[in-house]
Amino acid sequence: MDSTLACLAAWMPRQRWYAAKGRPPSLRLVSWWDLTADPDDPAETAGGARIRTFLVADEGALPAVLYQIPVVERATETVDADPDHIIGSPAPGTTFIDGPFDPAYANSLLRLIARGGTARGPQTTAIGRVAALGGAPAEATARVISGEQSNTSLIYEGVGTPVICKVYRQLHAGLNPDIELQEALARAGSPHVPRTIGSIEGTWPDLATAHGSVRGSLAFAQEYLPGVDDAWRVALLAAAKGEDFRDAARALGAATAHVHVALSQCFPTRTATAADRDATAATWERRFAIAMAEVPEIAGQRDAATAVYRRALEVPWPPLQRIHGDYHLGQVLHSPDRGWVVVDFEGEPLRPMAERTQPDFALRDVAGMLRSFDYVAGSLRLDHPERSADAVRAWALDARAAFVEGYAATSGNGLDPRHPLLAALELDKAVYEAIYEARNRPTWVAIPLRAISRLVERPAPVA
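Attention in this report is confined to the structure presented alongside it. Every value quoted in this text rests on a predicted model; they were computed, and no experiment measured them.

**Some details on the pairing of strand β16 (residues 339-342)**
Next, step 1: By the bridge criterion, 4 bridges tie strand β15 (residues 332-335) to β16 in an arrangement that is antiparallel. Across the sheet, the residue bridging to valine 332 is valine 342, located in β16.

**Comments concerning the packing of aromatic side chains**
Aromatic rings considered in pairs are described by the distance between their centres and by the relative angle of their planes.
Next, step 1: As enumerated under the stated definition, the model contains 11 aromatic pairs in all.
Next, step 2: Ring geometry for tryptophan 17 versus tyrosine 67: centroids 5.7 Å apart, planes at 50°, classification tilted. Taken together, the positions of tryptophan 17 in the loop between α1 (2-11) and β1 (27-35) and tyrosine 67 in strand β3 (residues 65-75) put the pair 50 residues apart, joining distant regions of the chain.
Next, step 3: Members of the aromatic cluster, joined through ring pairs, are Trp11, Trp17, Tyr18 and Tyr67.
Next, step 4: Positioned above the aromatic ring of phenylalanine 267, the side-chain terminus of arginine 322 is 5.2 Å from the ring centre.

**Examining the sheet that holds strand β6 (residues 117-121)**
Next, step 1: In space, the 7 strands of this open sheet follow the order β6-β7-β12-β13-β10-β9-β8, with antiparallel pairing throughout. Both edges of this open sheet fall to β6 and β8 (141-144), since each of them pairs with a single strand only. Each neighbouring strand pair of the sheet contributes to a mean axis angle of 20°, computed without reference to strand direction.
Next, step 2: Two elements, β8 and strand β9 (residues 151-157), share 4 bridges in a ladder whose sense is antiparallel. Each bridged residue has a counterpart across the sheet, and for alanine 142 the counterpart in β9 is tyrosine 156.
Next, step 3: Its contacts with the sheet put helix α3 (residues 103-115) on β6, β7 (124-130), β8, β9, β10 (163-168), β12 (196-205) and β13 (213-223), and the angle it makes with β12 is roughly 100°.
Next, step 4: Packing against the sheet, helix α4 (residues 177-187) makes contact with β10, β12 and β13, and its axis sits at approximately 50° to β13.

**A closer look at the side chain of aspartate 360**
Next, step 1: Among the structural elements, aspartate 360 can be located in the loop between α9 (353-356) and α10 (362-383).
Next, step 2: With relative accessibility at 10%, the residue aspartate 360 sits in the buried group.
Next, step 3: The contact partners of aspartate 360, leaving out residues within four places of it in the chain, are Pro319, Leu320, Gln321, Ile323 and Arg351.

**A closer look at the packing of helix α8 (residues 302-314) against helix α12 (residues 420-440)**
Next, step 1: Closest axis-to-axis distance for the α8/α12 pair is 8 Å, and the angle between their directions is 140°. The angle between the axes of α8 and α12 places the two elements in the oblique class. Considering the relative orientation of α8 and α12, their crossing is left-handed. Along the contact surface, α8 presents Ala305, Val308, Tyr309, Arg311 and Ala312, while α12 presents Pro420, Leu421, Ala423, Ala424, Leu427, Asp428 and Val431.
Next, step 2: In terms of residue class, the contact of α8 with α12 is built from 10 nonpolar, no polar and 2 charged.

**Points about the environment of proline 90**
Next, step 1: Along the chain, proline 90 turns up in strand β4 (residues 86-91).
Next, step 2: Along the primary structure proline 90 and serine 3 are separated by 87 residues, whereas in three dimensions their C-alpha atoms are 5.1 Å apart.
Next, step 3: Beyond its immediate stretch of four places on either side in the chain, proline 90 contacts Ser3, Thr4, Cys7 and Phe96.

**Here's the deal with unusual backbone geometry**
Next, step 1: Here the amide bond leading from leucine 62 into proline 63 is cis, since omega sits at -5°, within 30 degrees of zero.
Next, step 2: By secondary structure assignment, the location of proline 63 is in the loop between β2 (50-58) and β3.
Next, step 3: Even without a glycine there, the phi angle at glutamine 123 is positive, about 65°.
Next, step 4: Checked against the element boundaries, glutamine 123 lands in the loop between β6 and β7.
Next, step 5: For glutamine 123, a relative accessible area of 60% translates into the label exposed.
Next, step 6: Of note in this structure, aspartate 344 is not a glycine but carries a positive phi near 60°.

**With respect to the packing of helix α7 (residues 274-294) against α12**
Next, step 1: At their nearest, the axes of α7 and α12 sit 9 Å apart, and the two run at 35° to each other. As for how α7 packs across α12, the hand of that crossing is left-handed. Where α7 approaches α12, its residues Trp284, Arg287, Phe288, Ile290, Ala291 and Glu294 are matched on the opposing element by Leu421, Ala424, Leu425, Asp428, Val431, Tyr432, Ile435, Ala438 and Arg439.
Next, step 2: Looking at side-chain class alone, the contact of α7 with α12 contains 11 nonpolar, no polar and 4 charged residues.

Reading the values: rules and limits
One numbering rule holds for all chains: residues counted from 1, following each sequence as written. Residues qualify for local features only when their pLDDT is at least 70, as the model is predicted, and side-chain atom pairs are given and counted only at 80 or more; totals for whole chains, interfaces and linings, by contrast, use all residues. Values reported for side chains reflect all heavy atoms of the structure, with hydrogen atoms and water molecules removed beforehand. Criterion used throughout: strands pair if DSSP finds at least two bridges between them. Helix and strand definitions follow DSSP, with helices as H or I runs of at least four residues and strands as E runs of at least two, each counted in order from the N terminus. Only centres within 6.5 Å qualify two rings of Phe, Tyr or Trp (six-membered ring in Trp) as a pair; their planes then separate them into stacked at under 30 degrees, edge-to-face at over 60, and tilted for everything else. Should the NZ of a Lys or the CZ of an Arg lie within 6 Å of a ring centre and within 35 degrees of the ring normal, that charge is described as sitting over the ring. The convention used is that axes are lines fitted to C-alpha atoms, helices contributing only their stretch in contact, and that angles between N-to-C directions extend from 0 to 180 degrees. Pairs of residues are marked as contacts when any of their non-hydrogen atoms sit within 4.5 Å. For the exposure calls, accessible area comes from a 1.4 Å probe over protein chains only, and a residue counts as buried if that area is under 20% of its type's maximum, exposed if over 50%, partly exposed in between. In these notes the angle categories are as follows: under 35 degrees is roughly parallel, over 145 is roughly antiparallel, 65 to 115 is roughly perpendicular, and the rest is oblique. Definitions for this section: a left-handed crossing has its near helix turned counterclockwise from the far helix by less than a right angle. A right-handed crossing has that turn clockwise. Lys, Arg, Asp and Glu make up the charged group, whereas Ala, Val, Leu, Ile, Met, Phe, Trp, Tyr, Cys and Pro make up the nonpolar group; the residues left over, Gly among them, are polar.

Structural data, given as structure tokens:
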């Protein structure tokens, strides 16, 4: 098994879902579970691939990160795979292939979800659960979506309902909110989420206590909408052409409010406490301090930012509820038949799972979408400097205003775009973006810096 871990450790740092960029992993094998290539044809398994999912803990991280790594093991002379998807050779004559890119794993994964059932390994069990709204084919042609950051998703087409199945690479104890929230919304009849097909949940040894086991989510399958664009592409194209986006943004605001109202009915809400206010204030202050250290340009705006946060702490807060948690234009699809469809309810990937499942401000999602409209304008200014900055900015302002208008009209609560809490949440999001861009895309840091400058100006009082 040492050779297997060495093989995985050499390959993992090159993967987009590996969390500790720039640091080699320090791996410990936690457990594994096996899939059968075809339970109706044992000869296929005996004569072909072995399909095994390794659960490995990277103990170089604090706390340790648990990864799910599906592997198809084949005889080296039979391998016909893209070199980018080959993990390596832990033993002479044997080659590991990244599971989602091998049809043996892809078909077995879909079969476990479509039919249900159990796959086992030492100290590990994987259970396929077919949703009440399910209906996936047991066989289909699979392909992997490129460009994902923290998970790997396979699209199945060719037989029956197209399906997208997300394989969670980083595992956490508990039901993933991606599954929990979308299943609840689908059961409630929301037209703004895809239909749920099924999921795989598993048990594995508890890393935190080294005693007993925990249960968590391994994969999630839902209806795939072929031939649609996400809202980022739709908005960016409209802005590039100078097309009026107000009606589309207004409809997106209404869809967002529908989702929030449904979530407030599906899950408990609660009143914000003094402890919530203290914790929120501490988070805002801590993030701004980090930003000042990494983006010195904002240091001179600390007092103004503190005033924005103080005003938010002085006004009444709406009830806290379950939310999307990582809401932006890339998390919404535009279907010609169904309008706006919201996906990816995992929440902010860098936040601990326990935090992502707690009630929060619905306005946090609103602030995230407002920032996303700003990013459309900012990316256009970067890619097309010849475009009028005033025209691009006017497009974003119109889209933002229409989105808030649609949200306010549908939520029934009303929403002033100058509300102190919304302003503080958008400012905090822009500060987060400044840190991210400084670390990863320095040429983009001007986008959140412009937003911070605008947001720290004293807003007009709320009517």
